[in-house]
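What follows is the residue order along each chain.
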Amino acid sequence: MNIIATQALTKTYGGGVTALSDLTVQVEPGVIGLVGANGAGKSTFIKIMLGLIAPTAGSVRVFDIDPVTDTDKVRARVGYMPENDCLPPDVSAAEFVTHLGRMSGLPRTAARERASETLRHVGLYEERYRQIGGYSTGMKQRVKLAQALVHDPDLLLLDEPTNGLDPGGRDAMLALIHRIGTEFGISVVVCSHLLGEVERICDSLIAIQGGRLLRADRISSMTTASDLLAVEVSEGTDQLAARLAELGLTVTRDDRLLLVAMDSEDAHDRILRAVTDLELNLHRLDQRRHRVAELFTAKETADV
Amino acid sequence: MSETGVIHDIGYQRYTGPRLGRGAGIGALYVHGLRAAFGLGRSAKAKIFPWLVAGIALLVAVIIAAIKSQFPEITFSYVDLDNQLSFMIIFFSAILAPTLVSRDLRSNTLPLYFSRPLRAADYVAAKFLAMVTAVWLLLGVPQFIMFLGAAFTTKTGMKGVWHEVQDLVPAWGYSLLWALLFAGIGLLIASLTGKQAFAAGGIVAVFLMTTPVVAVLAQLPSSAANHMAGLASPITLINGVGSYLLGSKIGLDIGRYGPIFVIEAFCLIAACLLLLLARYRKVSAL
């Protein structure tokens, strides 16, 4: 079942700025990375899903509910963590998260229990009675995540959750998001402009650029389809490259390495045969997984 | 054999209890605002001012009740109490309105509210009602204390008590009018800025800077201008409405322009609420 489905979703702001253009995408449960440069339309997409702004054209359904008409039903099942700082400095995290739990319709005692439980899950238990103003950036991000979780949503929308964190804090936040997606059974959409960061924890990726869909797929199908073989020989690299090209393999030169696209099962054998035929010393022959980033750059240049 | 003394992480538990929806959220926001008005659930510093104002109002009421019981010929009505406390209400509103709305703007908390079932209108309604209640309590409770003083010392038995009730209830209505107008104007000004000091200054300015205008208009050689001078400032506007509806003379002489005062007061409150709503419609879409 799809958790999010859009059909030709378009959003044009007054003044003719197109934030989203003809976006059609289906999203399955799991951890989903929504990547794109700043201004690519990620935040607009999230706001439309929350029913904060209405699309200009096209349709969107979250859990098969229309956020434009049934806003309350969608918001009851979705938790949102904004990109910017949004916490008051002069209240404690426990109090603040409890208050927002009540805003989501939880009864008083349930809100208090859920608040301390979610704060414990995000790793703020001892500190939860301290005022938020004294927290570090990492702790504030955790409070923002806890308030999105407090009403036990089925889907989390996280806008740049690693913003402003140091490398250690980034890793901890990403690990936490991964745990929420896998152990808590809550689907997560993670917005980021850093592809390398989200690809580590996501099941699938949606890449948008200038409001248009670049690519949407499961990570697994993105990487296996385009595995590479890296070949290194002591000398005669050019000779080998020419021979492999003759054999109909796609070869790219990367310094002393030859990268061969593994387009068929016997590519491995054909390379080995070519090396022995030319009587070259083989230093290494190994399989390389494409980083997802390379896929997008290749696609983008192809589009141009 | 089970290990004892080990705390097991039972993992994430899904919430299966009741979800109360939008109405409960509005109710919770209203109670939260009302508590914040008197500093409850906030720091000790935030409690000082509201309780100082409330304390003075109560003290005034107790003193008046005591004096009236000793010297029945003194005519200090329930309505007079509101007018005597007008400066206190101005300062109370100037602190309260920014506490209710400017803090949310300052710390950018609104996206967290509006990504929940709450709408802009719900937020405005909850904050407005919280402030109306707080200001009304500030006036209504001292009035009630005056009533208790009068009721227990009356010399005409139940008839005297009933007479006091007939005085108290319209005075409560008059206090409500104060609360509505102060809440409307105060929240509207406070919703424009995230800086609490600016908002407080703006509110005091609107209430105090308009009084000289009234004084000038009242000096003009036209009787129509004199009678309508009160329209220029919120406090004299309320006085005018009170004079007309309660039939007693409060402040300026309004002549036969009473209905105009009522219409302006109504329009002013309605306009403040509509502007607040428009303001939050815009903010909630961001």
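Topic: the environment of Thr-252 of chain A
Residues and elements named next belong to chain A. Here Thr-252 is to be found in strand S11 (residues 251-254). With 11 C-beta atoms packed within 10 Å, Thr-252 lands in the exposed category. Note: C-alpha distance between Thr-252 and Tyr-125 (127 residues apart in sequence) is 53 Å.

Here's the deal with the sheet that holds strand S2 (residues 17-27) of chain A
All names here are of chain A. Ordered in space as S2-S1-S4, the three strands form an open sheet in which the pairing is antiparallel. Of all the strands in the sheet, just S2 and strand S4 (57-62) have a single pairing partner and so form its edges. Across the sheet, the mean angle separating the axes of adjacent strands is 20° when strand polarity is ignored. Across seven bridges, the pairing between strand S1 (residues 4-13) and S2 is antiparallel. When the bridges of S2 are listed, Leu-9 appears paired with Leu-23. Sheet strands in contact with helix H1 (residues 42-49) are S1, S2 and S4, and its direction is about 115° off that of S1.

Topic: the nonpolar core
Soluble globular proteins: nonpolar side chains tend toward being buried together. One finds Ala-97, Met-131 and Val-135 of chain B to be the most contacted residues of the largest nonpolar core, which totals 140 residues. Per-element accounting of this core gives the leading share, 16 residues, to helix H6 (residues 120-153) of chain B. If sequence neighbours within four positions are ignored, Ala-97 of chain B has contacts with Met-131, Gly-186, Leu-187, Ile-189, Ala-190, Ala-199 and Ile-203 of chain B. Counting residues in each nonpolar core, the second largest holds twelve residues, with Leu-249, Met-262, Ala-267 and Ile-271 of chain A among its members.

Considering the pairing of strand S5 (residues 78-81) of chain A
The side chains of a regular strand alternate, residue by residue, between the two faces of the sheet. Residue and element names in this part refer to chain A. Here S5 shows a buried face lined by Val-78 and Tyr-80 and a second buried face lined by Gly-79 and Met-81. Examined bridge by bridge, S5 and strand S6 (residues 155-159) share four bridges and lie parallel to one another. Opposite Val-78, over in S6, you have Leu-155 as the bridge partner.

Brief notes about the interface of chain A and chain B
At the junction of the two partners, chain A supplies 30 residues and chain B supplies 30 residues. Considering every element that reaches the side of chain A that touches chain B, the biggest residue donor is helix H3 (residues 93-103) of chain A, with four residues. Split by residue class, the side of chain A that touches chain B holds 16 nonpolar, six polar and eight charged.

A short note on the domain arrangement of chain A
Domains assigned within chain A are domain 1 (4-222) and domain 2 (228-288). Taking the mean C-alpha position of each, domain 1 of chain A and domain 2 of chain A sit 45 Å from one another.

A short note on the packing of helix H7 (residues 158-190) of chain B against helix H8 (residues 196-219) of chain B
Residue and element names in this part refer to chain B. Look at H7 against H8: their axes get within 9 Å of each other, and the N-to-C directions meet at 140°. Judged on the interaxial angle alone, H8 and H7 are oblique. Considering how the two elements wind past one another, H7 and H8 form a crossing that is right-handed. Residue-level inspection shows Ile-185, Gly-186, Ile-189 and Ala-190 of H7 in contact with H8, the latter providing Ala-199, Gly-202, Ile-203 and Val-206. Tallied by class, the residues present in the contact of H7 with H8 amount to six nonpolar, two polar and no charged.

Regarding helix H11 (residues 258-284) of chain B
An ideal rise of 1.5 Å per residue puts 39 Å on 27 residues; H11 of chain B measures up with 39 Å between its terminal C-alpha atoms. Here the buried face of H11 of chain B lies against H6, H7 and helix H10 (234-246) of chain B.

Re unusual backbone geometry
Peptide bonds are trans in most cases, and residues, glycine excluded, mostly fall at negative phi. All names here are of chain A. For Phe-63, which is not a glycine, the phi torsion comes out positive at approximately 50°. Residue position: Phe-63 is located in the loop between S4 and helix H2 (71-77). Residue classification places Phe-63 among the partly exposed positions, given that 18 C-beta atoms sit within 10 Å. A positive phi angle, close to 50°, is found at Glu-160, a residue other than glycine. Checked against the element boundaries, Glu-160 lands in the loop between S6 and helix H6 (167-182). Looking at Glu-160, the number of C-beta atoms within 10 Å reads 19, which means it is partly exposed.

About the thresholds
- Residues numbered from 1 in each chain as written.
- Chains lettered and ligands numbered in written order.
- Predicted model: local features only at pLDDT ≥ 70, side-chain atom pairs only at ≥ 80, totals over all residues.
- Helix = DSSP H or I, 4+ residues; strand = E, 2+ residues; numbered from the N terminus.
- Buried ≥ 20, exposed ≤ 12 C-beta atoms within 10 Å, placed from the backbone.
- Pairing = 2+ DSSP bridges.
- Axes fitted to C-alpha atoms, helices over the stretch in contact; angles between N-to-C directions.
- Contact = placed C-beta atoms within 7 Å.
- Core = buried A, V, L, I, M, F, W, Y, C linked by C-beta atoms within 7 Å.
- Nonpolar A, V, L, I, M, F, W, Y, C, P; charged D, E, K, R; others polar.
- Domains from an automatic or database assignment.
- Parallel < 35°, antiparallel > 145°, perpendicular 65-115°, else oblique.
- Left-handed = near helix turned anticlockwise from the far one by under 90°.
- Expected span 1.5 Å × (residues − 1).

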